[in-house]
Amino acid sequence: MTGMKKVLYTFWSQFGIPAYLQDCVPDDAQPDYITYSVTQPGLGGFAVLTAFNWHRKSESGNKARTEMMDKIATAMPVGGLLLALPEGGYLMIYRNDADYQSDWQDDTDTDIIAGRTSYIVYYYNT
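These numbers were taken from a predicted model, which means no experiment stands behind them. (Residues numbered from 1 in each chain as written. Predicted model: local features only at pLDDT ≥ 70, side-chain atom pairs only at ≥ 80, totals over all residues. Heavy atoms only, no water.)

### Focus: the packing of aromatic side chains
Working step 1: Inspection of the entire model under this criterion finds 11 aromatic pairs.
Working step 2: An angle of 85 degrees between the planes, with centres 4.8 Å apart, marks the rings of Phe11 and Trp12 as edge-to-face.
Working step 3: Residue Phe11 is classed as buried on the basis of its relative accessible area of 5%.
Working step 4: Overall, Trp12 belongs to the buried group, its relative accessible area being 0%.
Working step 5: With 5.8 Å between their ring centres and 85 degrees between their planes, Phe11 and Phe15 make a pair best called edge-to-face. (Phe/Tyr/Trp six-rings, centres within 6.5 Å; stacked < 30°, edge-to-face > 60°. Buried < 20%, exposed > 50% of the residue type's maximum accessible area, 1.4 Å probe, protein only.)

### Considering the nonpolar core
Working step 1: Leu8, Trp12, Leu91 and Tyr119 are the most contacted members of the largest nonpolar core, which totals 29 residues.
Working step 2: The element that contributes the greatest number of residues to this core is helix H1 (residues 2-12), accounting for 5 residues.
Working step 3: The next biggest cluster of nonpolar side chains, apart from the first, holds 7 residues, and it includes Tyr20, Tyr33, Ile112 and Ala114. (Core = buried A, V, L, I, M, F, W, Y, C linked by side-chain atoms within 4.5 Å. Helix = DSSP H or I, 4+ residues; strand = E, 2+ residues; numbered from the N terminus.)

### Side note on the side chain of Asn96
Working step 1: Structurally, Asn96 can be placed in the loop between strand S5 (90-95) and strand S6 (101-105).
Working step 2: Asn96 has contacts with Val48, Ser118, Tyr119 and Ile120, leaving out every residue within four places of it along the chain. (Contact = heavy atoms within 4.5 Å.)

### Here's the deal with the pattern of salt bridges
Working step 1: A full pass over the atoms with the stated rule returns 3 salt bridges.
Working step 2: Among the ionic pairs, Lys63 bridges to Glu67, the shortest N-O distance being 3.7 Å. Note that Lys63 and Glu67 are positioned in helix H2 (residues 59-75) at a spacing of 4 residues, about one turn of the helix.
Working step 3: Assessed through its relative accessible area of 52%, Lys63 is described here as exposed. (Salt bridge = Lys/Arg side-chain N within 4 Å of Asp/Glu carboxyl O.)

### Structural notes on H2
Working step 1: Over its 17 residues, H2 runs 25 Å from end to end, which matches the ideal 24 Å to within 8%, given 1.5 Å per residue.
Working step 2: Taken together, the buried positions of H2 are occupied by Gly61, Arg65, Met68, Met69, Ile72, Ala73 and Ala75. Buried residues along H2 cover an arc of 160 degrees about the axis, so they all sit on one side. Facing away from the buried surface of H2 by more than 90 degrees, the exposed residues are Glu59, Ser60, Lys63 and Thr74. (Expected span 1.5 Å × (residues − 1). Arc of directions from axis to C-beta.)

### Some thoughts on the pairing of strand S2 (residues 33-36)
Working step 1: Here S2 shows a buried face lined by Tyr33 and Thr35 and a second buried face lined by Ile34 and Tyr36.
Working step 2: The sheet contact formed by strand S1 (residues 19-21) and S2 spans 3 bridges and is parallel. From the neighbouring strand, Tyr20 faces S2, where its bridge partner is Thr35.
Working step 3: The sheet contact formed by S2 and strand S3 (residues 46-56) spans 4 bridges and is antiparallel. Note that in S3 the partner of Tyr36 across the bridge is Ala51. (Pairing = 2+ DSSP bridges.)

### Some details on the side chain of Asp106
Working step 1: Summarising the element assignment, Asp106 is placed in the loop between S6 and strand S7 (112-124).
Working step 2: One buried charged residue, Asp106, remains without a salt bridge, the closest side chain of opposite sign being Arg56 at 8.6 Å.
Working step 3: Among the polar contacts made by the side chain of Asp106, one reaches the main-chain amide nitrogen of Asp109 at a distance of 3.2 Å.
Working step 4: Every residue in contact with Asp106, bar those within four places of it in the chain, is listed here: Trp54 and Ile112. (Lys, Arg positive; Asp, Glu negative; His and termini not counted. Polar contact = N/O pair within 3.5 Å; in protein donor to acceptor, adjacent residues only side chain to side chain.)

This is the structure we're talking about:
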């Protein structure tokens, strides 16, 4: 699981804003930032994971949300993405065709909006 967490952290940190595991956001964190989940499927299995890019609700926040969703779509191509695990093996990441990206509203703070990305991770070991 350590390797998977490292690889997904590296992937989600490439977009120029902080990235946090969904349950590890610092109390003083202010948008813009990304949260993501990690679940390790069984060998050869898959998991559907979700990431959110969070922004203040404003015209510039909506623009930033949309631009970030476009950056994520570029980094996660239609044909999938291969990410090597440091301990051996790899992850294949694919867009979740049934529900890939959508606008999102924070349920607890109406001043915060997000872009939601759903993707599928396949886990393989060598």
